[in-house]
Amino acid sequence: SADILLNKNQTDNKPQNDESIMGKTIAINENDGTYEIFSKGHRNILGLYVEKDIILSTENGPRGGDEINKIILGKNYGWPLASYGESYFDKELKYKKSHEDNGFNEPIFSFVPSIGISEIIKIPENFSKSWKNNFLIASLNGQSLYRVKFSNDFNKILFYEKIFIGERIRDMKYDFNSKLILIALESKGNLGLIENLSE
């Protein structure tokens with residue numbers, strides 16, 4: 001759930017307040033609608049990938065500091081106290097730069113400057129044999145896709161490759177049967193199709 005900020009200096013503490021669901025990931029019991037806080041300290045998660053016991057999120061930072069996080073039950077990801085970005089409005093407001101030194105979970109990776117991070121998906125090997133265990137991350141400001149490979153424990157990025165598209169990418173999906181990556185292009189409301197012509 002996104003942190004809806006009440007003031008320009010971005011000091012709203014709801015992501016750290018256990019009485020609020022803002023700035024949290026929550027686990028919902030589908031049978032009775034009850035929920036529990038799964039993790040907290042999030043600013044604005046736009047992408048979520050879940051497979052077995054791995055949960056990855058892509059999260060907008062302030063000015064700089066877009067994050068890829070490995071979401072773990074009970075962990076605190078630091079917002080609005082820790083970020084590798086800076087405030088848009090208040091030059092005096094300084095975020096703690098080390099998450100870990102301040103009792104928070106470090107991101108797997110932080111984009112500085114921000115790319116306007118949005119969706120994250122895993123690309124099956126039927127798209128490309130050379131893209132084994134690769135993910136794509138979309139961006140708004142960066143107008144690009146980022147091909148990413150994580151370590152086996154998802155604690156760090158081994159590499160990323162920037163693939164320039166030239167439009168803000170809001171969402172994407174992979175169609176296994178047609179072997180196409182579908183991207184939702186925000187500026188004109190177009191749908192883009194990416195096909196691998198080399199295999």
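Before reading further, recall that the structure is shown in the block above.
Q: For a nonpolar patch on the surface, give the residues involved together with the corresponding values.
A: A grouping of I21, I26, I28 and Y35 is seen on the molecular surface, where their side chains present a nonpolar patch of about 370 Å² in accessible area. Summarising the element assignment, I28 is placed in strand 1 (residues 24-28). Here I28 falls in the exposed class, since its relative accessible area comes to 54%.

Q: So what about the sheet that holds strand 8 (residues 134-139)? Which residues, and what values?
A: In spatial order, the strands read 7-8-9-10; together these 4 strands make up an open sheet with antiparallel pairing. One side of each edge strand has no neighbouring strand; the edge strands of this open sheet are strand 7 (117-123) and strand 10 (157-164). Pairs of neighbouring strands in the sheet enclose a mean axial angle of 25 degrees, with direction left out of account. Pairing of strand 9 (residues 144-150) with strand 10 involves 7 bridges; the strand directions are antiparallel. From the neighbouring strand, F150 faces strand 10, where its bridge partner is I157.

Q: Any chance you could break down the pairing of strand 2 (residues 35-40) for me, citing the residues and the numbers?
A: Summarising the sheet, strand 1 and strand 2 pair through 5 bridges and their orientation is antiparallel. Opposite K24, over in strand 2, you have K40 as the bridge partner. Connecting the antiparallel pair strand 1 and strand 2 is a turn made up of 6 residues, with G33 showing a positive phi of about 80 degrees.

Q: Give a detailed account of the environment of Y77, specifying residues and quantitative values.
A: Take Y77: it is sitting in the loop between strand 5 (66-70) and strand 6 (109-111). Residue classification places Y77 among the buried residues on the basis of a relative accessible area of 1%. For the pair Y77 and P107, spaced 30 residues apart in the sequence, the C-alpha separation amounts to 7.6 Å. With residues near it in sequence (within four places) discarded, Y77 still touches S39, K40, G41, H42, N69, K70, I71, I72, H99, F104 and N105.

Conventions adopted
- Each chain has its residues counted from 1, following the order in which its sequence is written.
- A pLDDT threshold of at least 70 governs which residues receive local features in this predicted model, and a stricter bar of 80 or more applies before side-chain atom pairs are shown or counted, although totals over entire chains, interfaces and linings include all residues.
- Based on all heavy atoms of the structure, the side-chain values leave hydrogens and waters out of the count.
- Note on patches: the residues involved have over 30% relative accessible area and no salt bridge, like charges join within 9 Å, and the nonpolar side chains Val, Leu, Ile, Met, Phe, Trp and Tyr join within 5 Å.
- The Shrake-Rupley method, run with a 1.4 Å probe, gives the accessible areas here. Residue values count only the displayed protein chains as cover.
- Basic side-chain nitrogens of Lys or Arg form a salt bridge, by our definition, when they fall within 4 Å of a carboxyl oxygen of Asp or Glu.
- Helix numbering and strand numbering both begin at the N terminus, where a helix is a DSSP run of H or I of at least 4 residues and a strand a DSSP run of E of at least 2.
- For every residue, the accessible area (1.4 Å probe, protein chains only) is compared with the maximum for its type, and the residue is labelled buried under 20%, exposed over 50%, or partly exposed between those bounds.
- Strand pairing follows a simple DSSP-based rule, namely that at least 2 bridges must link the two strands.
- Between N-to-C directions, angles cover 0 to 180 degrees, with each direction set by a line fitted to C-alpha atoms, over the stretch in contact for helices.
- Any two residues whose heavy atoms approach within 4.5 Å at even a single point are treated as in contact.

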